[in-house]
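# Inside the fold
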Protein chains: 2
Amino acid sequence: MTTIKDVAQRAGVAPSTVSYVLSGSRKISEDTRRTVQQAIDELGYHPRASARTLRSTRTNVLALALPRVAGGYRAVDGRFAIEISDAARAHGYDVLLMTAQEGVPGLRRIARSGQADAAILMAVEMDDPRIAAMLELGFPAALLGRSADDAALPWTDLDWEAAATLAVRELAAAGHRDIAYLATTEREIQAQRGYAIRGLAGARRAAPETGADVRVHQSTGDMARLARRIGTLLHGERPPTALVVQHVAALPHILAAVAAEGLRVPEDLAVVAVGNLPDDLGGQDLPRVELPVPEMSAAVTRLAAEAIATRTQGTSPTPPGHLLIPPAFVPGPRIAPPGPRAANA
Amino acid sequence: MTTIKDVAQRAGVAPSTVSYVLSGSRKISEDTRRTVQQAIDELGYHPRASARTLRSTRTNVLALALPRVAGGYRAVDGRFAIEISDAARAHGYDVLLMTAQEGVPGLRRIARSGQADAAILMAVEMDDPRIAAMLELGFPAALLGRSADDAALPWTDLDWEAAATLAVRELAAAGHRDIAYLATTEREIQAQRGYAIRGLAGARRAAPETGADVRVHQSTGDMARLARRIGTLLHGERPPTALVVQHVAALPHILAAVAAEGLRVPEDLAVVAVGNLPDDLGGQDLPRVELPVPEMSAAVTRLAAEAIATRTQGTSPTPPGHLLIPPAFVPGPRIAPPGPRAANA
DNA sequence: CTGTTAGCGCATTCAT
DNA sequence: ATGAATGCGCTAACAG
């Protein structure tokens, strides 16, 4: 392996000179700078990260804590991981992936061994034990998702409550009075995921606000049961003319179930998605409120970087920043007004 | 930060003794071992990774090189990333995520700065420039996907050629004589992705082998064009009674297009998927040849670990290992025989 | 000012 | 079981 000494020798200078050329933390005459740079290029020298880190206590690495995969794989996690990795590079960081099936202990290990400068926690729950762990360790962290305590750590999230309300409001504006809201799965709700809880809250709030009849249903990961549930849902005494789907992973199944009931979308049933991934609607072009993956990824990365800078400066405890992203409605094909079926009710 | 010296002091021994207790690479009297362990626990000591690495030249990190995202995000990449991360932990490695939009230079940076012990290359192309780079750097690597040169680096892959052939063979066995094969996108084929090229080859080989008429079509990422292409495809003079889909990301769209043509699956058109993600068929329960994500992830991680061990031992150049995974057919609902439409032809 | 020397950061491992 | 050398780069203090 080629070291800074090799470069120094080849350039006929002292190792420290090479270091200064590299860091630019001191003025070096243009002459020697060129000589040194040439030696670096010729030898293909790259400073050893471990040596640097040992000296500086900075790794330029962010730990990305994915959720423990209790309910199987969620496409959204992979998407965020990749997007965050890109964002991190733009800030000069690499990303260490932690499929935190190890949970808190895994994060402890990384933090205490100094393998990262900060952590980004994904799939945050309302009362997430990882948050307390980060605070206790004094380890900088940023949350992808909003926990119960907005002031604990910096965070970013889509405003899920507003998103759910917005979806309903758009339907109401198109004339729908009987609206079904298919929330996330029971599992996610029981796990107290912020997006699940807040989406539910937003859906419930929408009824009084719009005057429409909004019936909220939880979803399930069991596709057979889900199909039955949808069948039931569509055959109440005042059947809905519109459906909001927050459980977007099941969208293809849901649309298939709707079709199986003999209903056409959107003529017989208007469908709006909430929180789908950009470019991934399961084969349909629906009106929707998309998950702002790029914005959230950029924001959480920036917040993590800021948390590192803040800690490094040892400044007085700055209140953690945050970014609550307002939902944006994408009309897609225009929302259909209530269909002929509405008359039957 | 607490260091090995702090522990030594508290335990009343020399730092080296603590080190030996930790590594177990030498016998320590039970007495002192307990004293030291207690000091470690009380102080919550964890060895600094950078110091360890500096000394030992081992990072216990694998670099995971994701494809540059030319054609947008592919769900399969995220899935593999997560699965590989889990597999790596089982081998004692952490995973550094490289969204290699930086490509070869990014890998160079990681390799030369000593941030990882080996690389796992995803989305390998037939003639992938990263392979030459790894060899030139003498950096251990394993491939997720099969390149043109089987002997360059260790690799694992689904046997895509056999998978495509198998799908066609199963349809032929159910009586289908007119089979359409919808391959991957033109983009992937032009990028010379191994799975795309080999899937094509397998589809073409299936015709002579089964005696069926197998017409091969390339797919496209443009969903409007894809729908048109499918319409055309279904209305030839001898319309197919069965369709094999390797472009599984578009499966929902494809099924929607088929439905739009007034055809029912599987009564009018039998559909088989090739290379879909486990638990992700876009809402349908189709017969299929799944992508063996867990097996491939485990294999590529093992191969990377072996490559590290081999190099560390400085053994004579062991021929790189590999694992070509035979395709497994999942019947799903039984394949329908050719429908009434066949008679019309 | 520009360049050099020396010491530090932390864990490992060979001699003693 | 211990002291000392080692791996590599950074930077404060010093010299020209």
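Every value quoted in this text rests on a predicted model; they were computed, and no experiment measured them.

## Observations concerning the overall build of chain A
Looking only at helices and strands, chain A features 14 helices and twelve strands. Since a compact globule built from 345 residues should have a radius of gyration of about 20 Å, the 26 Å found for chain A marks it as more spread out than a globular shape. Principal-axis analysis of the C-alpha atoms gives chain A an extent of 90 × 40 × 35 Å. Looking at chain A as a whole, 52% of its 345 residues are labelled buried. When the accessible surface of chain A is totalled, it reaches about 14900 Å², and 51% of it is carbon and sulfur.

## Digging into the interface of chain A and chain B
Frequently, the measure chosen for interface size is the accessible area removed from exposure when the parts meet. Taken residue by residue, the interface counts 40 residues in chain A and 40 residues in chain B. Roughly 3800 Å² is buried in total at the junction of chain A and chain B, and carbon and sulfur atoms are behind 59% of that figure. Per-residue buried area on chain A facing chain B is highest for Tyr73, Ile82 and Leu97 of chain A; these three make up 17% of the total on that side. One salt bridge in this structure joins Asp94 of chain B and Arg109 of chain A, with 3.0 Å as the shortest N-O distance. Put simply, the parts of the chain that give the side of chain A that touches chain B at least two residues each are helix H4 (49–56), strand S1 (61–66), helix H5 (75–90), strand S2 (94–99), helix H6 (104–112) and helix H12 (251–260) of chain A. It is H5 of chain A that provides the largest number of residues to the side of chain A that touches chain B, a total of nine residues. Residues of the side of chain A that touches chain B, tallied by class, amount to 17 nonpolar, 14 polar and nine charged.

## With respect to the packing of aromatic side chains
By the definition in use, this model includes two aromatic pairs over all chains. With a centroid separation of 5.3 Å and an interplanar angle of 55 degrees, the aromatic rings of Trp160 of chain A and Tyr195 of chain A are classed as tilted. Placement of Trp160 of chain A in helix H8 (residues 160–173) and of Tyr195 of chain A in helix H10 (residues 194–210) is noted, with a sequence separation of 35 residues between them. Taking NZ or CZ as reference, Arg26 of chain B lies 4.8 Å from the ring centre of Tyr20 of chain B, over its face.

## Comments concerning the domain arrangement of chain A
All names here are of chain A. Here chain A is partitioned into domain 1 (4–47), domain 2 (61–153 + 294–325) and domain 3 (160–291 + 330–344). Inter-centroid distance (C-alpha atoms) of domain 2 to domain 3 is 31 Å. Taken together, the 15 residues of domain 2 in the interface contact 13 residues of domain 3. Together, the buried faces of domain 2 and domain 3 total about 1100 Å²; carbon and sulfur atoms form 54% of this surface. Between the two partners, domain 2 and domain 3, sit one salt bridge. Among the elements that take part in the side of domain 2 that touches domain 3, H5 stands out by supplying four residues, more than any other.

## Examining the protein's contact with DNA strand D
Taken together, 25 residues lie near DNA strand D, and Ile4, Arg52 and Arg55 of chain A together with Thr17 and Arg26 of chain B sit nearest. Within 4 Å of the protein, the contacting atoms of DNA strand D are drawn from sugar and phosphate to the extent of 55%. The separation between a phosphate oxygen of DNA strand D and a polar main-chain atom of Ala14 of chain B is 3.1 Å. If you list the elements that add at least two residues to the surface near DNA strand D, you get helix H2 (15–23) and H4 of chain A together with helix H2 (15–23) and helix H4 (49–56) of chain B. Tallied by class, residues from the surface near DNA strand D come to eleven nonpolar, seven polar and seven charged.

## A few points about the sheet that holds strand S8 (residues 242–245) of chain A
Pairing is mixed across the open sheet formed by six strands, whose spatial order is S7-S6-S8-S9-S10-S12 (chain A). Looking at strand neighbours, the two that pair on one side only are strand S7 (213–219) and strand S12 (329–330) of chain A, the edges of this open sheet.

## Digging into the layout of surface pockets
One simple way to see leftover space: roll a probe sized like a water molecule over the atoms. All names here are of chain B. Here the second largest pocket is characterised by a volume of approximately 1100 Å³. If you go around the second largest pocket, you meet 39 residues; those closest to its centre are Arg48, Ala49, Ser50, Arg52 and Thr53. Residue contributions to the lining of the second largest pocket peak at eight residues, all from H4.

## Examining the protein's contact with DNA strand C
Near DNA strand C you find 25 residues, and of these Thr17, Arg26 and Arg55 of chain A together with Ile4 and Arg52 of chain B are the closest. Near the protein, meaning within 4 Å, the atoms of DNA strand C are sugar or phosphate in a fraction of 47%, with bases accounting for the rest. Take Ser16 of chain A: an N or O atom from its side chain is 3.4 Å from a base oxygen of DNA strand C. Here a phosphate oxygen of DNA strand C and a side-chain polar atom of Thr17 of chain A are 2.6 Å apart. Looking at the surface near DNA strand C, the elements with two or more residues in it are H2 and H4 of chain A together with H2 and H4 of chain B. Counted by class, the surface near DNA strand C contains eleven nonpolar, seven polar and seven charged residues.

## Regarding the relation of the copies chain A and chain B
Note on the copies: chain A fits chain B at an RMSD of 0.2 Å, the axial shift is 0.1 Å, and the rotation between them is 180 degrees. The transformation just described matches what one would write down for a two-fold rotation axis. Of the interface residues in chain A, 100% have counterparts in chain B that sit at the interface too, so the contact is made through matching surfaces.

## Focus: the sheet that holds strand S7 (residues 213–219) of chain B
All names here are of chain B. Pairing within the open sheet is mixed, and its six strands lie in the order S7-S6-S8-S9-S10-S12. Looking along the sheet, the strands with just one partner apiece sit at the ends: S7 and strand S12 (329–330). Packed on one face of the sheet, helix H8 (residues 160–173) meets strand S6 (178–185), S7, strand S8 (242–245), strand S9 (270–276), strand S10 (288–290) and S12 and runs near 165 degrees to S9. Together, S6, S8 and S9 form the strand contacts of helix H12 (residues 251–260), whose direction differs from that of S8 by roughly 160 degrees.

## A closer look at the packing of helix H1 (residues 4–11) of chain B against helix H3 (residues 30–43) of chain B
Residue and element names in this part refer to chain B. Between H1 and H3, the shortest axis-to-axis distance is 9 Å and the interhelical angle comes to 125 degrees. As the angle between them shows, H1 and H3 are arranged oblique. Relative to H3, H1 is oriented so that their crossing is right-handed. From H1, Asp6, Val7, Arg10 and Ala11 reach across to H3, where they touch Thr35, Val36, Ala39, Ile40, Glu42 and Leu43. For the contact of H1 with H3, the residue count by class is six nonpolar, one polar and three charged.

## Quick word on the packing of H2 of chain B against H3 of chain B
Residues and elements named next belong to chain B. Closest axis-to-axis distance for the H2/H3 pair is 10 Å, and the angle between their directions is 90 degrees. Taken together, the axes of H2 and H3 are roughly perpendicular relative to one another. The residues of H3 that touch H2, namely those facing Val18, Val21 and Leu22, are Arg33, Val36, Gln37 and Ile40.

## Describing H8 of chain A
All names here are of chain A. Along its 14 residues, H8 runs 20 Å from first to last C-alpha, staying within 8% of the 20 Å computed at 1.5 Å per residue. Burial of H8 is extensive: ten of the 14 residues sit out of reach of the surface. Along H8, the residues classified as buried are Trp160, Ala162, Ala163, Ala164, Thr165, Leu166, Ala167, Val168, Leu171 and Ala172. After H8 finishes, the residue Gly175 shows a positive phi value of roughly 110 degrees.

## Section: helix H3 (residues 30–43) of chain A
Residue and element names in this part refer to chain A. Under the 1.5 Å per step criterion, the end-to-end length of H3 is 20 Å for 14 residues, consistent within 8% with the ideal 20 Å. Looking at the packing, one finds that the buried side of H3 touches helix H1 (4–11) and H2. Trailing H3 by a residue or two, Gly44 shows a phi angle of about 60 degrees, which is positive.

About the criteria used
Residues numbered from 1 in each chain as written. Chains lettered and ligands numbered in written order. Predicted model: local features only at pLDDT ≥ 70, side-chain atom pairs only at ≥ 80, totals over all residues. Heavy atoms only, no water. Helix = DSSP H or I, 4+ residues; strand = E, 2+ residues; numbered from the N terminus. Rg over C-alpha atoms; globule rule 2.2 N^0.38 Å. Buried < 20%, exposed > 50% of the residue type's maximum accessible area, 1.4 Å probe, protein only. Areas by Shrake-Rupley, 256 points an atom, 1.4 Å probe, with all protein chains shown as cover. Contact = heavy atoms within 4.5 Å. Buried area = accessible area lost by both parts, 1.4 Å probe. Salt bridge = Lys/Arg side-chain N within 4 Å of Asp/Glu carboxyl O. Nonpolar A, V, L, I, M, F, W, Y, C, P; charged D, E, K, R; others polar. Phe/Tyr/Trp six-rings, centres within 6.5 Å; stacked < 30°, edge-to-face > 60°. Lys NZ or Arg CZ within 6 Å of the ring centre and 35° of its normal. Domains from an automatic or database assignment. Near = heavy atom within 4 Å. Polar contact = N/O pair within 3.5 Å; in protein donor to acceptor, adjacent residues only side chain to side chain. Pairing = 2+ DSSP bridges. 1 Å grid on protein atoms, 1.4 Å probe; cavity = no way out; pocket = protein on both sides within 12 Å on 5 of 7 lines; lining within 4 Å. Points joined across faces, edges and corners; volume = space filled by probe spheres on them. Least-squares fit on C-alpha atoms with pLDDT ≥ 70 in both. Axes fitted to C-alpha atoms, helices over the stretch in contact; angles between N-to-C directions. Parallel < 35°, antiparallel > 145°, perpendicular 65-115°, else oblique. Left-handed = near helix turned anticlockwise from the far one by under 90°. Expected span 1.5 Å × (residues − 1).

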